[in-house]
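# Secondary and tertiary structure notes
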Amino acid sequence: MKRFIEVMARDQAVLFPDHLEDFVGEDNPVRAVDAFVEALDLAELGFAGAADTGRPGYHPSVLLKIYIYGYLNRIHSSRRLECEAGRNVEVMWLTGRLAPDFKTIADFRRDNGSAIRKVCRQFVGLCRQIGLLSGGEVAIDGSKFKAVNNRDRNFTPAKMQRRMADIEASIDRYMSKLDAADRDEPALPPAKVDRLQERIVTLKAQMVELKAIERDMQKAPDKQISLTDPDARSMNYRGSGIVGYNIQTVVDTEHHLIVAHEVTTSGSDRSQLVEMSNVAREATGHDELRVIADRGYYSGEQLLECAQSGITTLVPKPLTSSGTKRGMFAKQDFTFDAENDLYICPAGETLTRGSHRSDRQGSINFYRNLMACATCRLKDRCTPLKQRRIRRWDHEDILDEVERRLDENPDAMRVRRSTVEHPFGTLKAWMGHTHFLTRTRPKVAAEMSLHILAYNLRRVLNIVGLGALMVALQSA
Ligand code: SF4
């Protein structure tokens, strides 16, 4: 007869170990959470209640440990953390068997956003101290994360127009049904007429509500309003729309640690390069930082500012011209001769400097050769106009330098992809492909910092191991 391992009877007396310590192995990552929080100066970081004033409550270190443990183990909700504090031996060990209720846990995250962000930065400082950020090269990328705000509770002028048009069309449809009911024989049953009238009343009330929202929307600087999370914004996401935040991260290319991050409400990455590079420079301690980013970050002014502050950038130029897509010559096909201040075109002709224009971005010169274009056999592939004009910004040499650097580093975009896309994938998988739990940008930023702290902690444990991390924490 087949035998199985026998279960233990539920009423059998058991001698559990006397100490909580015996439940937590020497190599348990929860020890890193404990040691890290114990090494922090919580009062200096600004945690409410860390200074010995006010009424007694849970020490912030207890609540911070619960949160770091929770995010490390993909438990983000305060209600679930409350449960874990009462049943999970690791959490009991971590908190000394304190079990705060969910409201206390949630309030802690809500009230200590800025301090939580500093804790995340402090961990990056520890990584730097261990020598994990010595490469001096980072990749920047942004990804859209859903806010708690439903798409139907976000309004832009276009959406508002569509919603109002739909309601008006529905009212017209019901009104014409009622008119037809008055005219036609046999008449509609009274119950059906009542239902139609009720629907019209409801739609008219919705229209009044929309008009009030529209008034508020017009007052917003970006003519957009979100009703659940006022800071969430409608953004393009994979060919569709999302109401959320654009999370910017800077990831070190050597160990794939997230060295800096920012929660932004702009759907575009175009103005983020300078700010994110500067934050990363401060976090890594490398004055001469090398930054890789995708085409979305390409902006002449941003690249110029980076170059002026000593940041080396590798950002490909976007191929936005419709002519290029149709096989026409792009600007890259024209070679600039700096010594003689002219361009050599694909037909081998020289384009010399002509007109000049200045705007807030600087001055722009136009290069052309009317005579050569008039008789050119390649003109069909070059321009539909009388002549091709090439514009050159007075800081164009910076852009040429970025292009040359990319040609010399053909692997740069592969390095960027393998560096920066993995953390986003991991973070979204850990979040369970759902939305943020908190509302408004400062609270979402605290939530994101906890996600990133957990990601970095897990990564450091994988790279150096618990022993080396504990030694670093003790000597910090
Ligand atoms: S059309 Fe003008 S600029 Fe273009 S290839 Fe011909 S000569 Fe050169």
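Residues numbered from 1 in each chain as written. Predicted model: local features only at pLDDT ≥ 70, side-chain atom pairs only at ≥ 80, totals over all residues. Heavy atoms only, no water.

## With respect to the side chain of Gln-272
- Note that Gln-272 resides in the loop between strand S6 (258-264) and helix H10 (273-284).
- For Gln-272, a relative accessible area of 6% puts it in the buried group.
- Dropping the residues within four chain positions of it, Gln-272 is found in contact with Gln-248, Thr-264, Ser-266, Tyr-297 and Gln-302. (Helix = DSSP H or I, 4+ residues; strand = E, 2+ residues; numbered from the N terminus. Buried < 20%, exposed > 50% of the residue type's maximum accessible area, 1.4 Å probe, protein only. Contact = heavy atoms within 4.5 Å.)

## Some thoughts on the nonpolar core
- Among the nonpolar cores identified, the biggest contains 96 residues, and Phe-36, Phe-47, Leu-64, Val-259, Leu-273 and Leu-457 are the most heavily contacted of them.
- Here the element with the most residues in this core is helix H16 (residues 441-475); it accounts for 15 residues.
- Two domains each provide a minimum of three residues to this core, namely domain 1 (20-128 + 457-475) and domain 3 (323-406).
- Ignoring anything within four residues of it in the chain, the contact list for Leu-273 reads Ile-140, Val-291, Ala-293, Tyr-297, Gln-302, Leu-303, Cys-306, Thr-313 and Val-315.
- Counting 16 residues, the second-largest nonpolar core is a separate cluster that includes Ile-167, Tyr-174, Leu-178 and Met-207. (Core = buried A, V, L, I, M, F, W, Y, C linked by side-chain atoms within 4.5 Å. Domains from an automatic or database assignment.)

## Some words on the domain arrangement of the protein chain
- With domains assigned, the protein chain is organised as domain 1 (20-128 + 457-475), domain 2 (157-223) and domain 3 (323-406).
- Just the C-alpha atoms count here: the centres of domain 2 and domain 3 sit 56 Å apart.

## Quick look at the side chain of Arg-31
- Relative to the helices and strands, Arg-31 is located in helix H1 (residues 30-38).
- Of note is the side chain of Arg-31, whose polar atom sits 2.8 Å from the backbone oxygen of Gly-25.
- Aside from chain neighbours lying at most four places away, what touches Arg-31 is Glu-21, Val-24, Gly-25, Glu-26, Trp-93, Leu-466 and Met-470. (Polar contact = N/O pair within 3.5 Å; in protein donor to acceptor, adjacent residues only side chain to side chain.)

## Points about the sheet that holds strand S11 (residues 350-359)
- Taken together, 5 strands build an open sheet; the order of strands is S9-S10-S11-S12-S13 and the sheet is antiparallel. On the outer flanks of this sheet lie strand S9 (335-337) and strand S13 (390-393), each paired with one strand and no other. Taken over all neighbouring pairs, the strand axes of this sheet differ in orientation by 35° on average, direction set aside.
- Pairing geometry for strand S10 (residues 342-344) and S11, over 3 bridges, is antiparallel. Note on S11: the bridge partner recorded for Tyr-343 is Leu-351. (Pairing = 2+ DSSP bridges. Axes fitted to C-alpha atoms, helices over the stretch in contact; angles between N-to-C directions.)

## Side note on the packing of H1 against helix H3 (residues 60-72)
- Axis separation between H1 and H3 bottoms out at 10 Å; the angle between their running directions is 145°. The crossing of H1 and H3 is right-handed. Two secondary-structure elements touch here, H1 through Val-30, Val-33, Asp-34, Phe-36, Val-37 and Glu-38 and H3 through Ser-61, Leu-64, Lys-65, Ile-68, Tyr-69 and Leu-72.
- Among the residues forming the contact of H1 with H3, the class breakdown is 8 nonpolar, 1 polar and 3 charged. (Left-handed = near helix turned anticlockwise from the far one by under 90°. Nonpolar A, V, L, I, M, F, W, Y, C, P; charged D, E, K, R; others polar.)

## A few points about the packing of H1 against H16
- Direction vectors running N to C along H1 and H16 enclose 80°, while the axes themselves pass 10 Å from each other. Here H1 lies roughly perpendicular to H16, going by the angle between them. Counted together, Arg-31, Ala-32, Val-33, Ala-35 and Phe-36 of H1 and Leu-453, Leu-457, Leu-461, Leu-466, Leu-469, Met-470 and Leu-473 of H16 form the full contact between these two elements. (Parallel < 35°, antiparallel > 145°, perpendicular 65-115°, else oblique.)

## Things to note about unusual backbone geometry
- The backbone of Lys-223 shows a phi angle near 55°, a positive value even though the residue is not glycine.
- Mapped onto the elements, Lys-223 comes out in the loop between helix H9 (190-219) and strand S3 (225-226).
- Overall, the relative accessible area of 34% leaves Lys-223 in the partly exposed class.
- The backbone phi angle of Thr-440 is positive, close to 75°, even though this residue is not glycine.
- Position of Thr-440 relative to the elements: it lies in the loop between helix H15 (412-431) and H16.

## Description of the site of the ligand
- Inspection of the region around the ligand gives Phe-334, Cys-345, Ala-347, Glu-349, Ala-372, Cys-373, Cys-376, Lys-379, Cys-382 and Arg-388 as its neighbouring residues.
- Considered class by class, the residues forming the shell around the ligand number 7 nonpolar, no polar and 3 charged. (Near = heavy atom within 4 Å.)

## Details of the pattern of salt bridges
- If you walk through the whole model with that rule in mind, you get 22 salt bridges.
- Across the pair Lys-65 and Glu-38 runs a salt bridge, and its minimum N-O distance is 2.6 Å. In this pair, Lys-65 is assigned in helix H3 and Glu-38 in helix H1, connecting sequence segments 27 residues apart.
- The buried category is assigned to Lys-65, whose relative accessible area is 5%.
- Linking Arg-414 and Asp-411 is a salt bridge whose minimum nitrogen-to-oxygen distance equals 3.1 Å.
- What makes Arg-414 partly exposed here is its relative accessible area of 42%. (Salt bridge = Lys/Arg side-chain N within 4 Å of Asp/Glu carboxyl O.)

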